[in-house]
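Now for the letters of each chain:
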Amino acid sequence: MIAIIIAIISGVSMSLQGVFNTKLSEKLGLWETNVVSQAIALIVTLIVMIFAGKGDLKAIKDVNKFYLLSGVLGAVIIYTVMKSISSLGTSCGIGIILIAQLGAAAIIDSFGLFGTEKTPYGIKEMLGIGIMIAGIIIFKWKK
């Protein structure tokens, strides 16, 4: 149950961040907003790490360097969410983002990429994604 609550908080936070960043970008610019957002996230994360961190930053020398692209992806995510929301609207933009996330996750799980456990995807999973796509089409349907 806690995992579900955390996932819900994550989804709500991502939607709010997308809207807030899009509004900020109207005054600051897209990349300027990205810098401000990332800088604030760094400060908050450093504070939390100081008080609650239990890991070992020195272990970075032992990680697969490919996974450090997560920082680059953070910048890409913020930029593309802002562009999606500003051009498609919040609901449609976030809806398409969620479908893309689910599709990418399905591929990662299906093939066991990046050390994840292989999870079979069948017709019901594909049907679920299809229903989400149909939902976006219906949502944006204009007479």
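Residues numbered from 1 in each chain as written. Predicted model: local features only at pLDDT ≥ 70, side-chain atom pairs only at ≥ 80, totals over all residues. Heavy atoms only, no water.

**Student:** I'd love a proper account of the overall build of the protein, names of residues and values included.
**Tutor:** Broken down by element type, the protein carries 5 helices and 0 strands. Counted from the first residue to the last, the protein has its helices and strands arranged as α-α-α-α-α. Taken along its principal axes, the extent of the C-alpha atoms in the protein is 55 × 45 × 30 Å. In the protein, buried positions account for 16% of the 143 residues. Partitioning the intrachain contacts of the protein with sequence separation of at least 6 by distance along the chain shows that 62% fall at a separation of at least 24. Accessible surface computed for the protein: about 10,900 Å², of which carbon and sulfur atoms make up 75%. Averaging the coordinates of the 12 positive side-chain charges in the protein and doing the same for the 7 negative ones gives two points 9 Å apart. (Helix = DSSP H or I, 4+ residues; strand = E, 2+ residues; numbered from the N terminus. Buried < 20%, exposed > 50% of the residue type's maximum accessible area, 1.4 Å probe, protein only. Contact = heavy atoms within 4.5 Å. Areas by Shrake-Rupley, 256 points an atom, 1.4 Å probe, with all protein chains shown as cover. Lys, Arg positive; Asp, Glu negative; His and termini not counted. Charge placed at Lys NZ, Arg CZ, Asp CG, Glu CD.)

**Student:** Explain the pattern of salt bridges to me, and be specific about the residues and the numbers.
**Tutor:** Under the counting rule described, the total for this entry stands at 3 salt bridges. One salt bridge in this structure joins lysine 61 and aspartate 62, with 3.9 Å as the shortest N-O distance. Just as lysine 61 is exposed, aspartate 62 falls in that class too. Between lysine 124 and glutamate 125 there is a salt bridge, and its shortest N-O distance comes to 3.4 Å. (Salt bridge = Lys/Arg side-chain N within 4 Å of Asp/Glu carboxyl O.)

**Student:** If you had to explain the packing of helix H4 (residues 90–111) against helix H5 (residues 123–140) to someone new, which residues and values would you point to?
**Tutor:** Where H4 contacts H5, the axes come no closer than 10 Å and their chain directions differ by 165°. On the basis of the axis angle, H4 is roughly antiparallel to H5. As for the relative orientation of H4 and H5, their crossing is left-handed in sense. Where H4 abuts H5, its residues Ser91, Cys92, Gly95, Ile96, Leu98, Ile99, Leu102, Gly103 and Ala106 lie against Ile129, Met132, Ile133, Ile136, Phe139 and Lys140. Grouping the amino acids of the contact of H4 with H5 by side-chain chemistry returns 11 nonpolar, 3 polar and 1 charged. (Axes fitted to C-alpha atoms, helices over the stretch in contact; angles between N-to-C directions. Parallel < 35°, antiparallel > 145°, perpendicular 65-115°, else oblique. Left-handed = near helix turned anticlockwise from the far one by under 90°. Nonpolar A, V, L, I, M, F, W, Y, C, P; charged D, E, K, R; others polar.)

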